[in-house]
Amino acid sequence: MAVPLLSLDQLKLGVRARIAAVDWSALGESEACRLRHFGFDEGVLIEPLHLGPFGRDPLAVRVGRMTVAIRRAQARAVRVTTEAP
Amino acid sequence: MNPVPLVAVAGNPNAGKSALFNALTGARQKVGNYPGVTVERHVGRTTLPDGAPVELVDLPGAYGLDPTSPDEAVTRDVLLGKQKGERLPNALLIVVDASNLDNHLRFALQLIDLGLPTVVALNMIDLAKRDGLELDVGRLEAELGVPVVETVAVRKRGLAEIMAQLNEMLIAPRKIRAGEGPSHDPLALQRRAREIAMAAIIRETPVRRITHRLDGLLLHPIAGPIILAAVLFLMFQAVFSWSVIPADALEAATLSLGQAIGDVLPHGVFRSMLVDGVFAGVGAVIVFLPQILILFLFILVLESSGYMVRAAFIMDRLMSHAGLSGRAFIPLLSSFACAVPGIMATRTIDDPKDRLTTILVAPLMTCSARLPVYTLIIGAFIPARSLAPGIGLQGVVMFGLYLSGIFGALLAAIVLSKTAVKGGGGAFMMELPKYQLPRVSDVAIGLWQRAMIFLKRAGTIILSTTIILWALASFPQAGPGEKQSDVSIAGHIADGIHTVVAPIGFNKDISMALLPAMAAREVAVAAIGTVYSLDAGNDQGLQTLEQRLSGRWSLATALAFLAWFVFAPQCISTIAVTRRETNGWKWPIFMVSYLFVLAYIAAGATYWTAVAFGLG
């Protein structure tokens, strides 16, 4: 049975997942560009590490070898799967 | 004559690019601005192993040639030879972080495709080894097709080899690839970068990274904000208490120098201009140099250690309510010391709209120059009554003034980000770099550059303004039986100001003080002091300024004066730095206008409310 897709902001801290898809159209042009620059791409390993103390926003996620901060609003555009590839 | 060959140093943010640039050029650097944009241009000179001079330019960190910020646009334009004020580089030094190859190689691949003679610095190789990475440099060279040198910029490792490779490139330039031009397909580049990184990594031992452990503490939902508050508390203590001794010394030095010159020169206009105009005016501004340097010391250390980004991370959510991003937090905080370094610190905000909003509200933070004004008025008019054990009425009023500033700034940010500066990012996307110990020489270079920027401004704009203000106050000269403050141009301007500010309860004395206070807010205190000491008869000679004030102003007027200073943009330096940072007069004029309108409304509302309560 296939594991259902989650959006990145639903993923629990410390759970490793892979990016299944990024809804680029849900992001602004420069936001999408920045995410691509950070290496957001299908198949890349991703793991939420920390949450902002106020309102659990933004998120600090490890993507590839980098740790980046993004807000929940943008994290929603990233679909992830915890299934092994 | 051929110009000195130019080598562009390019790479991702956080690749250690500036550290490598500093290590290669030392203190032989010049900082300027690219024409038409507020992006700093750092160039440095050094010599090649064959003795020929070479110039290095440290390009702003970028993720790619498809810019998302003004900084990245400059990097692209320089590399394509399209940037005004810069010649096309003769060679390229690409800096990549050895422990973040899969990401940094994407930009490196794009850069190599430009076809310039290129050397790659595999930087921070020591940290990569600490993280359990073992890299095959030969394989990397083969895949990239350019020389790769292992470097540790902060320990000056690999520098000689970099210079040797660059020398060779500059003597016998060779095209690296058939010039297809850089690829703009980010995903294809990214995949190619990952393949190369994969091939170059011989072994990877998973280790618990120091950065990860530190983040566990510093970004902890409870400990994180507490630690941040403690760091900020220390910073403010330092800015306000460590600066007292050097600031007093500087003030005394300018004063005695002015006096010494005054003693030598014959009485006359030139002496008056030098002593009352130049030394008094510039002296009032130079006093802030210690505070600015201490503040920047903290900012530079926090920035280069990697903690600044974490502070932004912690505060982002709260700042987002005001339409700002976490990045605005430190500049706004700095503005409590002085809006000038605060506005200069907004350069760390990527999004131009967010940056503009932050600049426009920064002057609302209660800067230290307001303190002398607040202290004088509160001391004169607010009784030193205790409201509760340890809580005095005067302190509460002071706190209220600070709160009004913060509240005003948040409100202004909300309104501005929905009106005049509409379309700000609304996003917060930042790399959280590895923690690193800041290096003394990098911080020293940064501090030196800030100090020079500040002194240059004090030497030009502020100097000319103080001379103009002095001239307005000194001419035409008073005849016998006349008061200088009545006959001078400044006196007539004060009359004009008075008709405007009379409805909000300001008297003639205040109108007189408002003009010189444009140089710096605390000058208002000195100006009021001068007016009263001139007018005072002998019997009042022993009264303090506070006593004189409380006898001549109503409480309503005093409160209105306080409210005015919460908002009024009475600071030439802030206006000048805003012009510099926004690159034109449009935004400083806008800022001054909206702040004066706010000040007028606030003072008027305060005055008439107080009068209604019988305090007029």
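- Naming follows an unreviewed UniProt entry, where chain B appears as Ferrous iron transport protein B of Sphingomonas cremea.

- With an unreviewed UniProt entry as reference, chain A is termed Ferrous iron transport protein A, source organism Sphingomonas cremea.

Re the packing of aromatic side chains
Now for step 1: Evaluation of the coordinates by the stated rule reveals 12 aromatic pairs over all chains.
Now for step 2: Residues Phe381 of chain B and Trp553 of chain B carry aromatic rings whose centres are separated by 6.1 Å and whose planes lie at 20° to one another, so their mutual orientation is stacked. One end of the pair, Phe381 of chain B, is in helix α17 (residues 370-381); the other, Trp553 of chain B, is in the loop between α24 (545-552) and α25 (555-567), with 172 residues separating them in the sequence. For the pair Phe381 of chain B and Trp553 of chain B, a shared accessibility class is recorded, and that class is buried.
Now for step 3: Here Phe506 of chain B and Phe561 of chain B contribute two aromatic rings whose centre-to-centre distance is 6.0 Å and whose plane-to-plane angle is 70°, an arrangement assigned as edge-to-face. In this pair, Phe506 of chain B is assigned in the loop between α21 (489-501) and α22 (508-514) and Phe561 of chain B in helix α25, connecting sequence segments 55 residues apart.
Now for step 4: When its relative accessible area of 2% is taken as the criterion, Phe506 of chain B is described as buried.
Now for step 5: A relative accessible area of 1% means that Phe561 of chain B is categorised as buried.
Now for step 6: What links up through ring pairs into an aromatic cluster is the set Phe381, Phe506, Trp553, Phe561, Trp564, Phe565 and Phe596 of chain B.
Now for step 7: When the ring centre of Trp24 of chain A is taken as origin, the NZ or CZ atom of Arg36 of chain A, which lies over that ring, is 4.2 Å away.
Now for step 8: A cation sits over an aromatic face here: Arg310 of chain B above Tyr435 of chain B, 4.1 Å from the ring centre.

Some words on the UniProt feature "transmembrane region" (unreviewed entry) in chain B
Residues and elements named next belong to chain B.
Now for step 1: Mapped onto this structure's residue numbering, the UniProt feature "transmembrane region" (unreviewed entry) falls at residues 217-240, 278-303, 324-344, 356-384, 396-416, 553-577 and 589-610.
Now for step 2: The span residues 553-577 shows a helical share of 76% and a strand share of 0%, and its end C-alpha atoms are spaced 34 Å apart.
Now for step 3: Annotation note: span residues 589-610, helix share 100%, strand share 0%, distance between end C-alpha atoms 31 Å.

Re the interface of chain A and chain B
Now for step 1: Facing the 33 residues of chain A at the interface are 43 residues of chain B.
Now for step 2: With both chains or domains summed, chain A and chain B bury close to 3,400 Å², and 58% of this area falls on carbon and sulfur atoms.
Now for step 3: Scanning the region where chain A abuts chain B turns up 7 salt bridges.
Now for step 4: Linking Arg34 of chain A and Glu72 of chain B is a salt bridge whose minimum nitrogen-to-oxygen distance equals 3.4 Å.
Now for step 5: One can count 14 residue pairs in polar contact (both at pLDDT 80 or more) joining chain A with chain B.
Now for step 6: Mapped by element, the contributors of at least two residues to the side of chain A that touches chain B are α1 (29-37), β3 (45-51), β4 (59-63) and β5 (66-70) of chain A.
Now for step 7: A class-by-class count of the residues in the side of chain A that touches chain B yields 16 nonpolar, 8 polar and 9 charged.
Now for step 8: Looking at chain direction, β5 of chain A and strand β12 (residues 430-431) of chain B are connected through 2 bridges and run antiparallel. Bridge assignment links Val68 of chain A to a residue of β12 of chain B, and that residue is Glu431 of chain B.

Some thoughts on the nonpolar core
All names here are of chain B.
Now for step 1: With 110 residues, the main nonpolar core has Ile377, Phe506, Trp553, Phe561, Trp564 and Tyr594 as its most contacted residues.
Now for step 2: Looking at which element gives the most residues to this core, the answer is α25, with 10 residues.
Now for step 3: Apart from the residues lying within four places of it in its own chain, the contact partners of Ile377 are Ile382, Leu549, Trp553, Ala558, Phe561 and Leu562.
Now for step 4: In this structure, Leu59, Val96, Leu116 and Ile125 belong to the second largest nonpolar core, which totals 44 residues.

A closer look at the sheet that holds strand β2 (residues 29-33) of chain B
Residues and elements named next belong to chain B.
Now for step 1: In spatial order, the strands read β2-β3-β4-β1-β5-β6-β8; together these 7 strands make up an open sheet with mixed pairing. The strands lining the two open edges of the sheet, one partner per strand, are β2 and β8 (148-150). Within the sheet, the average angular offset between the axes of one strand and its neighbour, ignoring direction, is 25°.
Now for step 2: Bridge count for strand β5 (residues 91-97) against strand β6 (residues 118-123) is 6 bridges, and the pairing is parallel.

Regarding the sheet that holds strand β2 (residues 17-22) of chain A
Now for step 1: A sheet is described by the order of its strands in space; here 7 strands give the open sequence β1(A)-β6(A)-β2(A)-β3(A)-β4(A)-β5(A)-β12(B), paired in antiparallel fashion. The sheet terminates laterally at β1 (6-7) of chain A together with β12 of chain B, the two strands that pair on one side only.

Description of the environment of Ala490 of chain B
Now for step 1: Within the secondary structure, Ala490 of chain B is located in helix α21.
Now for step 2: In this structure, Ala490 of chain B is in contact with Leu472, Ala473, Met512 and Leu515 of chain B, ignoring residues within four places of it in sequence.

Quick word on the UniProt feature "domain: Ferrous iron transporter FeoA-like" (unreviewed entry) in chain A
Now for step 1: Under the local residue numbering, the UniProt record ascribes the feature "domain: Ferrous iron transporter FeoA-like" (unreviewed entry) to residues 6-82 of chain A.
Now for step 2: Strand forms 38% of residues 6-82 of chain A and helix 17%; the C-alpha atoms that close the span are 8 Å apart.

What counts, and where the lines are drawn
Residues numbered from 1 in each chain as written. Chains lettered and ligands numbered in written order. Predicted model: local features only at pLDDT ≥ 70, side-chain atom pairs only at ≥ 80, totals over all residues. Heavy atoms only, no water. Phe/Tyr/Trp six-rings, centres within 6.5 Å; stacked < 30°, edge-to-face > 60°. Helix = DSSP H or I, 4+ residues; strand = E, 2+ residues; numbered from the N terminus. Buried < 20%, exposed > 50% of the residue type's maximum accessible area, 1.4 Å probe, protein only. Lys NZ or Arg CZ within 6 Å of the ring centre and 35° of its normal. UniProt positions renumbered as here; feature names shortened; annotations may be inferred. Contact = heavy atoms within 4.5 Å. Buried area = accessible area lost by both parts, 1.4 Å probe. Salt bridge = Lys/Arg side-chain N within 4 Å of Asp/Glu carboxyl O. Polar contact = N/O pair within 3.5 Å; in protein donor to acceptor, adjacent residues only side chain to side chain. Nonpolar A, V, L, I, M, F, W, Y, C, P; charged D, E, K, R; others polar. Pairing = 2+ DSSP bridges. Core = buried A, V, L, I, M, F, W, Y, C linked by side-chain atoms within 4.5 Å. Axes fitted to C-alpha atoms, helices over the stretch in contact; angles between N-to-C directions.

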